[in-house]
Amino acid sequence: GGTIEQNGMIHNPIIYLILMAGGYETFMRLYDPVGHAPTANYYRISSGKRTLITGGYFGLVGALFVAMAWNRQYMVPPERLKTKRVLLERLE
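Residues numbered from 1 in each chain as written. Predicted model: local features only at pLDDT ≥ 70, side-chain atom pairs only at ≥ 80, totals over all residues. Heavy atoms only, no water.

1. Structural notes on the overall build of the protein
- Secondary structure summary: the protein contains four helices and zero strands in total.
- Secondary structure elements of the protein, listed N to C terminal, follow the sequence α-α-α-α.
- In terms of overall size, the protein is more extended than a compact globule, its C-alpha atoms giving a radius of gyration of 23 Å where 92 residues would be expected to give roughly 12 Å.
- Judged by the C-alpha coordinates and their principal axes, the protein covers about 70 × 35 × 20 Å. (Helix = DSSP H or I, 4+ residues; strand = E, 2+ residues; numbered from the N terminus. Rg over C-alpha atoms; globule rule 2.2 N^0.38 Å.)

Following this line, the structure appears as structure tokens:
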């Protein structure tokens, strides 16, 4: 994330908040590991819940792939957009 910020590729200010929060959390985990360690119950998860969470993540990835494929049919190449813009300017 820091490399993207350094190269000026970020144009949304919310990303800076996310980077700062992630940097703070990383700093606290390195320099205060006792205060930011996960509780013992964090790792005590039944295999059924673990399977359900894994299935949810795979479902999310599948839904994103379906949405990307559905969106692809509506994509227009830049050349076509330029042609359409030129034609509209000529009509005005």
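2. Details of a nonpolar patch on the surface
- A cluster of nonpolar side chains, namely Ile 53, Tyr 57, Leu 60 and Leu 64, defines an oily patch on the protein surface of about 430 Å² accessible area.
- Residue position: Leu 60 is located in helix H3 (residues 47-72). (Patch = residues over 30% accessible without salt bridge, like charges linked within 9 Å, V, L, I, M, F, W, Y side chains within 5 Å. Areas by Shrake-Rupley, 256 points an atom, 1.4 Å probe, with all protein chains shown as cover. Salt bridge = Lys/Arg side-chain N within 4 Å of Asp/Glu carboxyl O.)

3. A look at the confidence of the model for the protein
- Averaged over the protein, the pLDDT score is 85; the fraction of residues at 70 or greater is 99%.
- Looking across the protein, the model is least confident in helix H1 (residues 2-6), with a mean pLDDT of 73, and most confident in H3, with 95. (pLDDT = per-residue confidence, 0-100.)

4. Examining the packing of aromatic side chains
- Evaluated as defined, the whole model comprises two aromatic pairs.
- Look at Phe 27 and Tyr 31: their rings are 4.7 Å apart centre to centre, the planes differ by 40°, and that puts the pair in the tilted class. Here Phe 27 pairs with Tyr 31, and both are found in helix H2 (residues 13-31), just four residues apart, close to one helical turn.
- When its relative accessible area of 46% is taken as the criterion, Phe 27 is described as partly exposed.
- Overall, Tyr 31 belongs to the exposed group, its relative accessible area being 62%.
- Aromatic pair Trp 70 and Tyr 74: ring centres 5.5 Å apart, planes at 75°, arrangement edge-to-face. The two residues Trp 70 and Tyr 74 agree in class, both being exposed. (Phe/Tyr/Trp six-rings, centres within 6.5 Å; stacked < 30°, edge-to-face > 60°. Buried < 20%, exposed > 50% of the residue type's maximum accessible area, 1.4 Å probe, protein only.)

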